[in-house]
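Structural overview
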Amino acid sequence: MAPIGVGDTIPDGNLGWFDENDDLKQVSVHSLAAGKKIVLFGVPGAFTPTCSMKHVPGFIEGADELKSKGVDQILCISVNDPFVMKAWAKTYPENKDVKFLADGSATYTHALGLELDLSEKGLGTRSRRFALLVDDLKVKVANVEEGGQFTISGAEEILKAL
């Protein structure tokens, strides 16, 4: 399957997350994105160095500016279970705007065409590193990294597109 690109409609799918009451929920991507401008960014794994020290902090630090430019939601997705994503989210006590969503079986990542096979490294199927700017379910910007790079999927690149 070809990776999602500019002009495509994002697929719907359910992802796990813990709400503000610490209850485990399944949330529909379309329920979060329909009629809204969102950033959906994906990382290969929770607690991994580039994801934890660069990718996620960039979106947390840039959240106010993104919101001032019309972004309604900032969603982080990773092929991890909801408990891992909850624990990872708690390592960012300053975070008020980034939702950490779990794609435990990589079902949604496959629907996006952005899966990455890291079986050789003992990590199984993961997500490629990416950032999508989506307006009412339509992809406006699709910044998808090659390999382990982190050059085009950060918050700064999305801000340039707004």
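First, a word on what this report is: a plain description of the structure on this page. Note that the structure is predicted; figures quoted are calculated from it, not measured.

Calculation notes
- Residues numbered from 1 in each chain as written.
- Predicted model: local features only at pLDDT ≥ 70, side-chain atom pairs only at ≥ 80, totals over all residues.
- Heavy atoms only, no water.
- Helix = DSSP H or I, 4+ residues; strand = E, 2+ residues; numbered from the N terminus.
- Rg over C-alpha atoms; globule rule 2.2 N^0.38 Å.
- Buried < 20%, exposed > 50% of the residue type's maximum accessible area, 1.4 Å probe, protein only.
- Contact = heavy atoms within 4.5 Å.
- Areas by Shrake-Rupley, 256 points an atom, 1.4 Å probe, with all protein chains shown as cover.
- Lys, Arg positive; Asp, Glu negative; His and termini not counted.
- Charge placed at Lys NZ, Arg CZ, Asp CG, Glu CD.
- 1 Å grid on protein atoms, 1.4 Å probe; cavity = no way out; pocket = protein on both sides within 12 Å on 5 of 7 lines; lining within 4 Å.
- Points joined across faces, edges and corners; volume = space filled by probe spheres on them.
- Nonpolar A, V, L, I, M, F, W, Y, C, P; charged D, E, K, R; others polar.
- Pairing = 2+ DSSP bridges.
- Phe/Tyr/Trp six-rings, centres within 6.5 Å; stacked < 30°, edge-to-face > 60°.
- Lys NZ or Arg CZ within 6 Å of the ring centre and 35° of its normal.

Regarding the overall build of the protein
If you tally the helices and strands in the protein, you get six helices and nine strands. Computed over C-alpha atoms, the radius of gyration of the protein comes to 14 Å, within 12% of the 15 Å expected from 2.2 N^0.38 for 162 residues, which places it in the range of a compact globule. Counting only C-alpha atoms and orienting by the principal axes, one finds that the protein spans roughly 40 × 40 × 25 Å. In the protein, which comprises 162 residues, the share counted as buried stands at 50%. Considering only contacts within the protein whose residues lie at least 6 apart along the sequence, 64% involve residues at least 24 apart. A total of about 7,600 Å² of accessible surface is found on the protein, and carbon and sulfur atoms cover 50% of it. Distance between charge centroids for the protein: 2 Å, based on 17 positive and 23 negative side chains.

Considering the layout of surface pockets
If you add up the space inside the largest pocket, you get close to 500 Å³. Residue lining of the largest pocket: 21 residues in total, with Phe18, Ala89, Asn95, Val98 and Phe100 positioned closest to the centre. Broken down by secondary-structure element, the contributors of at least two residues to the lining of the largest pocket are strand S1 (14-18), helix H4 (82-89) and strand S5 (98-102). Element by element, the count of residues in the lining of the largest pocket is highest for H4, at four residues. Grouping the amino acids of the lining of the largest pocket by side-chain chemistry returns nine nonpolar, two polar and 10 charged. Forming the walls of the second largest pocket are 14 residues, and the residues nearest its centre are Pro44, Thr48, Leu118, Arg129 and Gly148. Top element by residues in the lining of the second largest pocket is helix H2 (residues 49-61). It accounts for three residues. Tallied by class, the residues present in the lining of the second largest pocket amount to six nonpolar, five polar and three charged.

Some points on the pairing of strand S9 (residues 138-144)
A regular strand places its side chains so that they alternate between the two faces of the sheet. Sheet analysis places strand S8 (residues 130-135) next to S9, joined by six bridges and oriented antiparallel. Opposite aspartate 135, over in S9, you have lysine 138 as the bridge partner. Hairpin remark: S8 followed by S9, antiparallel, with two residues in the connecting loop; positive phi at aspartate 136, about 50 degrees.

Quick word on the packing of aromatic side chains
Overall, the coordinates contain six aromatic pairs when judged by the stated rule. Seen in terms of ring centroids, tryptophan 88 and phenylalanine 100 are 5.4 Å apart; in terms of plane orientation they differ by 80 degrees. Their pairing is edge-to-face. Within this pair, whereas tryptophan 88 is found in helix H4, its partner phenylalanine 100 is found in strand S5, the two being separated by 12 residues in sequence. Aromatic side chains tyrosine 92 and phenylalanine 100 sit 6.0 Å apart centroid to centroid with 20 degrees between the ring planes, which places their arrangement in the stacked category. Phenylalanine 100 matches tyrosine 92 in its accessibility class, with the two residues each being buried. Feature note: the residues Phe47, Trp88, Tyr92 and Phe100 constitute an aromatic cluster, connected by ring pairs. We note lysine 86 situated over the ring of phenylalanine 18; from NZ or CZ to the ring centre the distance is 4.5 Å. Against the face of tryptophan 17 rests lysine 99, its NZ or CZ located 5.1 Å from the ring centre.

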